[in-house]
Amino acid sequence: MLAVTALAACGSEDGGGESLTLYSGRNEQLIAPLLEQFTAETGIDVDVRYGNTAQMAAQLLEEGDRSPADVFLAQDAGALGAVAKKGLFAPLPAEDLSAVPEGFRSTDGVWVGVTARSRVLVYNEAAVPEAELPASVFELTEPQWRGRLGVVPTNASFQAFVTAMTVLHGEDRAREFLAGLAANEPQIRDSNVAVLEEVDAGRLDAGLINHYYAGELAAERGVRPDELDARLHFFPGGDIGALVNVAGVGVLATAADDPEARAFVDYLLGPQAQRYFAERTFEYPVAAGVAGPAGLPALDELTAPDIDLDDLDDLEKTITLIQASGLTP
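These numbers were taken from a predicted model, which means no experiment stands behind them. Numbering of residues starts from 1 in each chain and follows the order in which that chain's sequence is written. A pLDDT threshold of at least 70 governs which residues receive local features in this predicted model, and a stricter bar of 80 or more applies before side-chain atom pairs are shown or counted, although totals over entire chains, interfaces and linings include all residues. No hydrogens and no water enter the side-chain calculation; it runs on all heavy atoms of the structure.

> What should I look at first to understand the pattern of salt bridges in this one?
Pairing is possible between side chains of opposite charge, provided their charged atoms come close. When a carboxyl oxygen of Asp or Glu lies within 4 Å of a side-chain nitrogen of Lys or Arg, that pair is called a salt bridge. Applying the stated criterion across every chain, the model contains 16 salt bridges. The salt bridge involving Asp 172 is made with Arg 175; its shortest N-O contact spans 3.1 Å. Here Asp 172 and its partner Arg 175 are both found in helix α7 (residues 171-183), three residues apart, which amounts to about one turn of the helix. Asp 226 is the salt-bridge partner of Arg 224, the closest N and O atoms lying 3.0 Å from each other. Salt bridges sharing common partners tie together Glu 171, Asp 172, Arg 175, Asp 314 and Lys 317. Numbering of helices and strands runs from the N terminus, with a helix taken as a DSSP run of H or I at least four residues long and a strand as a DSSP run of E at least two residues long.

Structure representation (structure tokens):
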């Protein structure tokens, strides 16, 4: 990964002037400090447009090769797959692809994961004894969980999880699960943060979220994650409830030859950015040599389901399934 160093040297000699346009599906509070670090190191200015990942992907699909974007930074692999399917990404260099494990990059080499996150069951340790934790997410439709579970069916990560269930188990099984979940009177919330806070406070027994929210809540409160009353249960045995998804990046085909875009991808996969994500958002780094968040099992210890993340691109069908179940209007 030489592009960052080379461009930094160039910027120091001629005062910079390089720039790139980034469409970011990750929020400004998270990404802006990292972009400032990137500009300080490389001299490359970043013109960034923020929105949720689905919005940014839809905008790219609408704009096509007329888009001003050079790089798309997405919250999940499904959005990257949707843009890739339309042929809007350029192939990435082999050294960028080889920087992360095979399962965390596209099979055709046009996007690469930057961080990984696992779906988990968060539970209140006083309300759910460890011996009663489910071995599979499918068990959450059983009577003992009636009214006890918080879910966020409008959240992109929940939708990616349902998409993965459809891919691995078929549409009928996914429909059956959603119907059973809806019939079990879940507590619908509008964010993963709300679910976690209510579980920690004892107002909910458990909920389906991503792993890193617990680290963020603990940091906000100035405590260690193990000092929360909320605990994380990683579903075992390759269960679909333990889906590991990625936030990732792709370079638009119109910017295939831009060294600034290449430098940005290199930077995201470099140790400084990887440490930033592990320490700031408690996500798993995917590039080798950077430790994961403290207090969690290592990424290679998770027993995630075996799924091609490129296949998580059919969001429209998933939303239809969720709506039909009654979990959302």
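> I'm lost on the layout of surface pockets in this one. Help?
Two kinds of site are reported from a 1 Å grid over the protein atoms alone, namely cavities, where a 1.4 Å probe fits but cannot get out, and pockets, open sets with protein on both sides within 12 Å along at least five of seven lines, and residues are called lining when an atom falls within 4 Å of a point. Grid points are joined across faces, edges and corners, and a volume is the space filled by probe spheres set on the points. A volume near 1,100 Å³ is recorded for the largest pocket. Looking at the largest pocket, it is lined by 44 residues, and the ones nearest its centre are Gly 25, Thr 53, Gln 75, Asn 155 and Ala 156. Of all the secondary-structure elements, those providing two or more residues to the lining of the largest pocket are α2 (28-42), α3 (53-63), α4 (77-85), α6 (156-169), α8 (192-201), α9 (212-221) and α12 (315-325). It is α9 that contributes the most residues to the lining of the largest pocket, six residues altogether. Under the scheme applied, nonpolar residues are Ala, Val, Leu, Ile, Met, Phe, Trp, Tyr, Cys and Pro; charged residues are Asp, Glu, Lys and Arg; polar residues are all the others, including Gly. Classifying every residue of the lining of the largest pocket gives 18 nonpolar, 16 polar and ten charged.

> I tried to follow empty space enclosed by the protein on my own but got confused; where do I start?
Overall, the coordinates contain one cavity of 30 Å³ or more when judged by the stated rule. Taken together, Arg 117, Ser 118, Arg 119, Ser 157, Ala 160, Asn 210, Leu 243 and Asn 245 make up the full set of residues lining the largest cavity. Looking at the lining of the largest cavity, the elements with two or more residues in it are β4 (112-124) and α6. Per element, the largest residue contribution to the lining of the largest cavity is three residues, and it comes from β4. Counted by class, the lining of the largest cavity contains two nonpolar, four polar and two charged residues.

> Could you clarify how one ought to interpret the nonpolar core in this entry?
In globular proteins that are soluble, nonpolar side chains generally tend to be buried together. By nonpolar core we mean a set of buried residues, namely Ala, Val, Leu, Ile, Met, Phe, Trp, Tyr and Cys, connected to one another through side-chain atoms within 4.5 Å. For the exposure calls, accessible area comes from a 1.4 Å probe over protein chains only, and a residue counts as buried if that area is under 20% of its type's maximum, exposed if over 50%, partly exposed in between. Within the largest apolar cluster, 103 residues are counted, with the highest numbers of intra-cluster contacts made by Phe 72, Val 137 and Phe 158. If we skip the residues at most four places from it in the chain, Phe 158 touches Arg 119, Val 151, Val 152, Pro 153, Leu 178, Leu 181, Leu 208, Ile 322 and Leu 327. Working rule for contacts: check all heavy atoms of both residues, and any pair within 4.5 Å makes them a contact.

> What is the right way to read the side chain of Asp 239 from this model?
With respect to the helices and strands, Asp 239 occurs in the loop between β8 (230-233) and β9 (244-251). Charged-residue counts in this description rest on Lys and Arg as positive and Asp and Glu as negative, His and the chain ends being excluded. It is Arg 173 that comes nearest to the buried, bridge-free Asp 239 among opposite-charge side chains, at 7.5 Å. Any pair of nitrogen or oxygen atoms within 3.5 Å is treated as a polar contact; in protein, a donor-acceptor pairing is required on top of that, and neighbouring residues in sequence qualify only through side-chain atoms on both sides. In terms of polar contacts, Asp 239 uses its side chain to reach the backbone amide nitrogen of Gly 241, at 2.9 Å. Residue contacts for Asp 239: discarding those within four places in its chain leaves Ala 135, Ser 136, Val 137, Phe 138, Thr 303 and Pro 305.

> Is there a simple way to think about the packing of aromatic side chains in this case?
Aromatic rings considered in pairs are described by the distance between their centres and by the relative angle of their planes. Centres within 6.5 Å are what make two rings of Phe, Tyr or Trp a pair, Trp counting through its six-membered ring; a difference in plane orientation under 30 degrees is then read as stacked, over 60 as edge-to-face, and the rest as tilted. Here the structure, examined in full by the defined rule, presents seven aromatic pairs. With a centroid separation of 6.0 Å and 90° between ring planes, the pair formed by Phe 161 and Phe 177 is classed as edge-to-face. Remark: Phe 177 occurs in helix α7 and Phe 161 occurs in helix α6; sequence separation between them is 16 residues. With respect to burial, Phe 161 and Phe 177 carry one shared label: buried. Here the aromatic rings of Tyr 276 and Phe 277 are separated by 5.6 Å at their centres, their planes lie at 80°, and the arrangement is edge-to-face. As far as the burial class goes, Tyr 276 and Phe 277 line up, both buried. Among the aromatic residues, ring-to-ring pairing joins Phe 138, Phe 158, Phe 161 and Phe 177 into one connected group. Definition used: whenever NZ (Lys) or CZ (Arg) falls within 6 Å of the ring centre and also within 35 degrees of the ring normal, the charge is taken to sit over that ring. Directly above the ring of Trp 145 sits Arg 148, whose terminal nitrogen or CZ lies 4.7 Å from the centroid.

Shape is all these values report; function is a separate question.
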